[in-house]
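Results of the structural survey
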Number of protein chains: 4
Amino acid sequence: MVIKVKKKDTVVLIDIAFRKFLVDTGGKTDKIKGVGVIDPSILVGKKYGEQIEIGNKQFWVLRPSLQDKLQGLKRRAQIILPRDAAHIIMNCSVESGQKVLEAGIGSGSLTIALVTAIMPSGKIVSYDIREDFIEHAMKNLKTAKLDNYVTAKIKDITKGIEEKQLDAVVLDIPDPWNAVTHVWKALKPGGYLCSYSPLISQVEKTVKEIEKHSFIEVKTIENIQREMVVSDRGTRPSFNMLGHTGYLTFARKVL
Amino acid sequence: MVIKVKKKDTVVLIDIAFRKFLVDTGGKTDKIKGVGVIDPSILVGKKYGEQIEIGNKQFWVLRPSLQDKLQGLKRRAQIILPRDAAHIIMNCSVESGQKVLEAGIGSGSLTIALVTAIMPSGKIVSYDIREDFIEHAMKNLKTAKLDNYVTAKIKDITKGIEEKQLDAVVLDIPDPWNAVTHVWKALKPGGYLCSYSPLISQVEKTVKEIEKHSFIEVKTIENIQREMVVSDRGTRPSFNMLGHTGYLTFARKVL
Amino acid sequence: MVIKVKKKDTVVLIDIAFRKFLVDTGGKTDKIKGVGVIDPSILVGKKYGEQIEIGNKQFWVLRPSLQDKLQGLKRRAQIILPRDAAHIIMNCSVESGQKVLEAGIGSGSLTIALVTAIMPSGKIVSYDIREDFIEHAMKNLKTAKLDNYVTAKIKDITKGIEEKQLDAVVLDIPDPWNAVTHVWKALKPGGYLCSYSPLISQVEKTVKEIEKHSFIEVKTIENIQREMVVSDRGTRPSFNMLGHTGYLTFARKVL
Amino acid sequence: MVIKVKKKDTVVLIDIAFRKFLVDTGGKTDKIKGVGVIDPSILVGKKYGEQIEIGNKQFWVLRPSLQDKLQGLKRRAQIILPRDAAHIIMNCSVESGQKVLEAGIGSGSLTIALVTAIMPSGKIVSYDIREDFIEHAMKNLKTAKLDNYVTAKIKDITKGIEEKQLDAVVLDIPDPWNAVTHVWKALKPGGYLCSYSPLISQVEKTVKEIEKHSFIEVKTIENIQREMVVSDRGTRPSFNMLGHTGYLTFARKVL
């Protein structure tokens, strides 16, 4: 069964180095790194899965998956990597229909992952104290056609949370311990708090604050990922490895 | 806002060591380790989030989250841990509405995580060559009230795949390389293959077979997780650590 | 060339599970776990490298290597593992002829490794505040016939160091930061300070104290070791893994 | 006690980025990166431990430690890192007075570490099939004034070993399995074989060959090292991390 690109589809173009470019075929023009400005309508009628040539470069044409949306993201602030987003979603038990709050929004990387987890009927609320971050992130979400699920607010979460009965709150701020009381109040019983912090001292202060409230199942984990290189010469772990991203602290509200 | 347990709710009881027991309050009797047989109707009317006493033991009463369903699972076969399930779902870009095939079903651990990711409108198909595994896993899925999303088949995936246009196929079998051709045919363009294997030789054979087909973005990763212990004495990584679970190989179909 | 056990040799007996027992063939009796009391003189005349039977159990007879001395050690206090001792010796550039101070002595595990590194002409000085630890450790050193290289003192290193012009000082105490000034004074220019600490807060306080003194090349490392299991089924990392031993901080005195 | 640099001392100059330059004060000229050619005699009379200025750059003047010799090494072939050398020496129980064989010699990095471990009375024998590697490595050893302990031979260890009654043999060659029989013959009872290999398939073949011979205590380990960053902002693991160096396989000869 061959499926073709239709007008107004958002497609991802993937080059041979696996760089990704989200393109709205209903748009007027778009810019592809190494190719320049293109007319997106040339993609209409192409077969999903085929490799095409644009300006002497080869691209596969695909429907954008979550990975494509994340990897095609335009970065500004430091992002939460997909590998950590995966653990956040799993450990907070985020699922379809839930209402989840994150602070701050950064470049919208975690936001995209959270939206994908709560679709088609849930809601993501994003606080950030910087308007420019919100604007940049919402542009990324719009490109991924996920902006309808997100309400972004210029707010400091350490000053309070308006929402109630939340399923989960994810903190990616410098002083997560200052938000813990607000998070407890905003969560529904059984709801999850998650805090992402690169520094040990942030983990310590946050865990100590968490322990002053009615939270159970408090734990902090570190996730390390290493790629394996499989070639004709043989198999070995990759020499390239990211030594650290951040610690993930989880806790769960009870009465 | 106080929400109370209603008749026919499935609740999770969590003891102070954070062991979890899923209980159907509409059931006749249930068995709780360390307590014995209980009448589930005693839970009706309890407040979600509160701690109650049953037979001299304390339990928190909560609505079961994904984590509760996974941790409350009755194990038989070796399970894919939630941490690996998180990477599978993220790297295969599994989302609401998709159709995903897994083989084998094991105890249904990955199945529960996959169902949660594709709800409320997707579908999981599970192949296993052992009928007893399917029965056991489906019982676990029923306890979690997720069995409606799953079609289980007594089938050997290395002999062929009936389904078409799948979004992802996850292999947890001893000889994943023998299924690669079938997987390619069953996937839609842009769909993901994932293979979970504890042994390097399995990875090597599978990657070499994948490279004979039209797959892109082939990679193998290893995920290591370590808990941090935060106490009044200070903070340190946990001495207890699982050295290995399995390697995760991913690939993506193109034409 | 066959070499046989002579009277007064210290030999190591290794059972099939690779447990190790140091035996002085000049002694009157010795006790082997799972065998009971033996007369060590029965070992005289055995060939080094051969497997013999004692009380229905099989043992290889070998000259004790450093590993045998470390693994045959009777433990009392928590020990510094050989893997960490290796990094200490390498990063402190410990070599034959040097004078090295350690505090505390623990069970003498690191002491045995340090003695082996400074032999045949160097000297190890060990401080410990507990006389019983010193006695126990010196007994272990005597069994390994290495006690002549060690001067043990019941002393608190945070109160001062008597020795001068030391090549290295290794701290394995709860409050290493309180010893830093004394260590700087006791080291020769270019000499190394090493501190072994399980907790992050210990590392932080010690590094901050080190930075107040004329030290260069300050660094803290964590070493993680994982065994690979090679069998007919295939190769994989071991599931058993120690998640943490301690952080190693190194620094080097300049004027 | 102030000690000054004397004529013919070899000193290490360490710049503020901790780059290291071994200089023979008895030499005619020497070349320092970023400074150019210097007359080494200007160092005579300087105090060990002090910081001096040469051509507008600051250098600490120290006696070269093992670390300085290793870090000051001129690299040509891929080197065995000091961290792996530490594990090799510890697990092979290398100590003063021993006779150890390595193949190949590479840039002499492991050679320097081994010499330091067997001094002042032992001996290192190095085989390499490439004369240019031997020449380059021996130059490095001469700079470190350690060349007297080393006998280098242009030889292929897979063709046989001339030496007998060796304490340890360390293999860093592409096909270590082809040397195992020779190694067994050349070792004394209780002597250690070590093989350093980046690839899993090398480990597998070598372990399988080892198991055909009378070796005990066969094990393969992987060592991972991560630096901790301690700053005023807080403490965290370093983002920079080397994902892999090589697997270390150890075995011990018995009769």
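Residues numbered from 1 in each chain as written. Chains lettered and ligands numbered in written order. Predicted model: local features only at pLDDT ≥ 70, side-chain atom pairs only at ≥ 80, totals over all residues. Heavy atoms only, no water.

**What about the overall build of chain A?**
A tally of regular secondary structure across chain A gives six helices and 15 strands. The buried share among the 255 residues of chain A stands at 60%. Counted over contacts in chain A with a minimum sequence separation of 6, partners at least 24 positions apart contribute 64%. Roughly 10400 Å² of accessible area belongs to chain A as shown, and the carbon and sulfur atoms make up 49% of that amount. The positive charge centre, built from 39 side chains, and the negative charge centre, built from 29, are 3 Å apart in chain A. (Helix = DSSP H or I, 4+ residues; strand = E, 2+ residues; numbered from the N terminus. Buried < 20%, exposed > 50% of the residue type's maximum accessible area, 1.4 Å probe, protein only. Contact = heavy atoms within 4.5 Å. Areas by Shrake-Rupley, 256 points an atom, 1.4 Å probe, with all protein chains shown as cover. Lys, Arg positive; Asp, Glu negative; His and termini not counted. Charge placed at Lys NZ, Arg CZ, Asp CG, Glu CD.)

**Digging into unusual backbone geometry**
For the bond running from Ala103 of chain B to Gly104 of chain B, omega is 0°, close enough to zero to count as cis. Of note, the amide linkage connecting Met119 of chain B to Pro120 of chain B takes the cis form, showing an omega dihedral of 0°. Position of Pro120 of chain B relative to the elements: it lies in the loop between helix H3 (109-118) and strand S8 (123-128). You will see that Lys8 of chain A, though not glycine, has its phi angle at about 80°, which is positive. The residue Lys8 of chain A is located in the segment before strand S1 (10-15) in this model. On the basis of relative accessible area, Lys8 of chain A is assigned to the exposed category, the value being 61%. A positive phi angle is found at Lys145 of chain D, which is not glycine, with a value near 55°. Relative to the elements of secondary structure, Lys145 of chain D occurs in the loop between helix H4 (131-143) and strand S9 (150-154).

**Concerning the environment of Arg252 of chain D**
Looking at the element boundaries, Arg252 of chain D is found in strand S15 (residues 247-253). Separated by 160 residues in the primary sequence, Arg252 of chain D and Cys92 of chain D place their C-alpha atoms 8.5 Å from one another. A polar side-chain atom of Arg252 of chain D sits 2.5 Å from a polar atom in the side chain of Asp68 of chain C. (Polar contact = N/O pair within 3.5 Å; in protein donor to acceptor, adjacent residues only side chain to side chain.)

**Thoughts on the packing of aromatic side chains**
All names here are of chain C. Within the structure shown, the criterion is met by eight aromatic pairs over all chains. A ring pair is formed by Phe18 and Trp60, whose centres lie 6.2 Å apart and whose planes are at 25°; its orientation type is stacked. Taken together, the residues Phe18 in the loop between strand S1 (10-15) and strand S2 (20-24) and Trp60 in strand S6 (residues 57-62) connect sequence positions 42 residues apart. Exposure remark for Phe18: the relative accessible area of 33% places this residue in the partly exposed category. Note on Trp60: relative accessible area 11%, which makes it buried. (Phe/Tyr/Trp six-rings, centres within 6.5 Å; stacked < 30°, edge-to-face > 60°.)

**Quick word on the environment of Glu217 of chain A**
Within the fold, Glu217 of chain A resides in strand S12 (residues 215-231). Note: C-alpha distance between Glu217 of chain A and Phe59 of chain A (158 residues apart in sequence) is 46 Å. Apart from the residues within four sequence positions on either side, Glu217 of chain A is in contact with Phe250, Ala251 and Arg252 of chain A together with Ile14, Phe18, Lys20, Asp68 and Gln71 of chain B. A distance of 2.9 Å separates a polar atom in the side chain of Glu217 of chain A from a polar atom in the side chain of Arg252 of chain A.

**Quick word on the domain arrangement of chain A**
All names here are of chain A. When its domains are assigned, chain A resolves into domain 1 (10-64) and domain 2 (70-253). Taking only C-alpha atoms, the centre of domain 1 and the centre of domain 2 are 30 Å apart. Opposite the four residues of domain 1 that make contact, domain 2 presents five residues. By the criterion of area lost to domain 2, the three top residues of domain 1 are Thr10, Lys20 and Leu22, representing 91% of everything that side buries. At the boundary of domain 1 with domain 2, the tally comes to zero salt bridges. Our enumeration of links across domain 1 and domain 2 arrives at two residue pairs in polar contact (both at pLDDT 80 or more). Per-element tally for the side of domain 1 that touches domain 2: the top contributor is strand S2 (residues 20-24), with three residues. Counted by class, the side of domain 1 that touches domain 2 contains one nonpolar, one polar and two charged residues. (Domains from an automatic or database assignment. Buried area = accessible area lost by both parts, 1.4 Å probe. Salt bridge = Lys/Arg side-chain N within 4 Å of Asp/Glu carboxyl O. Nonpolar A, V, L, I, M, F, W, Y, C, P; charged D, E, K, R; others polar.)

**Details of the confidence of the model for chain A**
Mean pLDDT over chain A stands at 95; residues scoring 70 or higher make up 100%. Predicted complex, confidence summary: ipTM 0.96, pTM 0.96. (pLDDT = per-residue confidence, 0-100.)

**Comments concerning the interface of chain B and chain C**
Size of an interface, as often reported, equals the accessible area lost when the parts are brought together. The interface is formed by 20 residues belonging to chain B together with 20 residues belonging to chain C. Taking both sides of the interface into account, the surface hidden between chain B and chain C amounts to around 1600 Å²; carbon and sulfur atoms contribute 59%. Together, Leu199, Phe239 and Met241 of chain B form the three largest contributors to the area buried by chain B at its contact with chain C, with a combined 30%. One salt bridge in this structure joins Glu222 of chain B and Arg226 of chain C, with 2.6 Å as the shortest N-O distance. Our count for the contact surface shared by chain B and chain C stands at eight residue pairs in polar contact (both at pLDDT 80 or more). Each residue belonging to the side of chain B that touches chain C can be placed in one class, and the counts come to nine nonpolar, seven polar and four charged. Taken together, the three bridges between strand S14 (residues 240-242) of chain B and strand S14 (residues 240-242) of chain C define a ladder with antiparallel strand orientation. (Pairing = 2+ DSSP bridges.)

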